[in-house]
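Chain by chain, the residues:
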Amino acid sequence: NETFYKFLDAISHTYHSDVPYHNWAHAVDVTQFITYQIKTAKLETKLTKIELLALLVAGICHDASHEGFSNVFNIKAETPLGILFKNQSVMEIHHCCVAIEILSKEETNIFDSLDSAKTKEVWNLLIKFILTTDMVKLNDLLDQAQKVLDQGPIDYKNPDHRVLLMELLLKCADLSNVSRPFEIANKWCNVLCEEFFRQGDLEKTNGMEFTSPLNDRAHLDKPKSQIGFYTYVCLPVFKTAARAVPALSVNADQVSSNLAIWKKEFEKEQTAKK
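Computed from a predicted model, the values in this text were never measured in an experiment. (Residues numbered from 1 in each chain as written. Predicted model: local features only at pLDDT ≥ 70, side-chain atom pairs only at ≥ 80, totals over all residues. Heavy atoms only, no water.)

Engineer: What exactly am I supposed to notice about unusual backbone geometry here?
Structural biologist: Only a minority of non-glycine residues have a phi that is not negative, and only a minority of peptide bonds are not trans. Non-glycine residue Lys42 carries a positive phi angle of around 55°. When its relative accessible area of 54% is taken as the criterion, Lys42 is described as exposed. Even without glycine at this site, Ser65 takes up a positive phi of about 65°. Structurally, Ser65 can be placed in the loop between helix H3 (49-61) and helix H4 (71-76). (Buried < 20%, exposed > 50% of the residue type's maximum accessible area, 1.4 Å probe, protein only. Helix = DSSP H or I, 4+ residues; strand = E, 2+ residues; numbered from the N terminus.)

Engineer: Got a minute to help me understand the nonpolar core in this structure?
Structural biologist: Soluble globular proteins: nonpolar side chains tend toward being buried together. Of all hydrophobic cores here, the largest spans 72 residues; its most connected members are Phe7, Ile11, Leu103 and Phe129. It is helix H11 (residues 222-244) that provides the largest number of residues to this core, a total of 10 residues. Ignoring any residue separated from it by four or fewer positions in sequence, one finds Ile11 in contact with Trp24, Ile60, Cys61, Ala64, Val98 and Ile102. (Core = buried A, V, L, I, M, F, W, Y, C linked by side-chain atoms within 4.5 Å. Contact = heavy atoms within 4.5 Å.)

Engineer: How should the layout of surface pockets be read in this particular structure?
Structural biologist: If a probe the size of a water molecule is rolled over the atoms, the empty space left behind becomes visible. As a volume, the largest pocket reaches approximately 1,100 Å³. Among the secondary structure elements, those contributing two or more residues to the lining of the largest pocket are H4, helix H6 (90-103), helix H10 (182-205) and H11. Sort the elements by how many residues they give to the lining of the largest pocket and H10 lands first, with 8 residues. Looking at side-chain class alone, the lining of the largest pocket contains 21 nonpolar, 16 polar and 5 charged residues. In this model, the second largest pocket occupies a volume close to 200 Å³. Forming the walls of the second largest pocket are 14 residues, and the residues nearest its centre are Phe4, Leu8, Leu56, Val57 and Ile60. Listed by contribution, the elements that provide at least two residues to the lining of the second largest pocket are helix H1 (2-12), helix H2 (24-40) and H3. (1 Å grid on protein atoms, 1.4 Å probe; cavity = no way out; pocket = protein on both sides within 12 Å on 5 of 7 lines; lining within 4 Å. Points joined across faces, edges and corners; volume = space filled by probe spheres on them. Nonpolar A, V, L, I, M, F, W, Y, C, P; charged D, E, K, R; others polar.)

Engineer: I would appreciate a short explanation of helix H8 (residues 138-150) in the present structure.
Structural biologist: For an α-helix, the turn length of 3.6 residues means that residues three or four places apart are oriented alike. Counted at 1.5 Å a residue, the expected span for H8 with its 13 residues is 18 Å, and the 18 Å between its end C-alpha atoms agrees. Along H8, the positions that sit buried rather than exposed are Leu138, Leu141, Leu142, Ala145, Val148 and Leu149. Each buried residue of H8 sits inside an arc of 125° when the element is viewed along its axis, so together they form one side. Away from the buried face of H8 by more than 90 degrees, exposed residues Asn139, Asp140, Lys147 and Asp150 are located. Taken together, the buried residues of H8 touch helix H7 (116-132), helix H9 (159-174) and H11. Of the residues flanking the end of H8, it is Gly152, one or two places downstream, whose phi is positive at about 140°. (Expected span 1.5 Å × (residues − 1). Arc of directions from axis to C-beta.)

Engineer: What am I meant to see in the packing of H2 against H9 here?
Structural biologist: The axes of two packed helices give the description: the angle between them and the distance between them. Contact geometry for H2 and H9: axes closest at 8 Å, N-to-C directions at 135°. In terms of orientation, H2 and H9 fall into the oblique class. In terms of crossing hand, the pair formed by H2 and H9 is right-handed. Where H2 abuts H9, its residues His26, Val30, Phe33, Ile34 and Gln37 lie against Leu169, Leu170, Cys172, Ala173 and Asp174. Residues of the contact of H2 with H9, tallied by class, amount to 7 nonpolar, 2 polar and 1 charged. (Axes fitted to C-alpha atoms, helices over the stretch in contact; angles between N-to-C directions. Parallel < 35°, antiparallel > 145°, perpendicular 65-115°, else oblique. Left-handed = near helix turned anticlockwise from the far one by under 90°.)

Pasting the structure below:
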């Protein structure tokens, strides 16, 4: 309806076109992957309509007004956001604030038709989901999921299990470029690297140490960095999601296939240096 399209227009304009990676294309990409996972695993029959709404809106809003700089950078550079939300999930709280501002306006409030109880539920879920995208919280999420799955399959009658599953789905979607065919995954990698370099250039200009080795434009070993990223971040996420929902194992398989290619690229580099 008209309110929904006004919401999309408003939230899309919070994303900055000059940010290489965390822009509107990423938000749409993440939301598409959430939908793909839901349809692939037929989760629309397992999750409630309010849960589905919160999850999809989280995909659209999860990086709203992202300026392309990490939480660590914001804190160390003492940006206004870094000062305001120091020792917290700086950008994720900011994304929540932006979403709240837009969704609270009458002309863009897509939750307006919900009753009081459902409104509280969707807001609680939406904020929880966006905050979960902070990479610092990843290990806790995976540990929690492993403990649940060690006791048996996901119990869809248990709301806590459903929320945990949706957090995993959002995390997979946020990292979804690594589960695309390698040619696409590599293109996304180049875009993300450029955003890291953009931050590194600013850090260098301001006399700061690099907040990550990935920010050093002159010395990045791309295959090596991807091997580490895939091995210690991506595969655990996608394998855990596949364990929870076997229908999603195809995504973990693609991540493993891409990892194998990155390893071959690394071996080629090492051979060329000899």
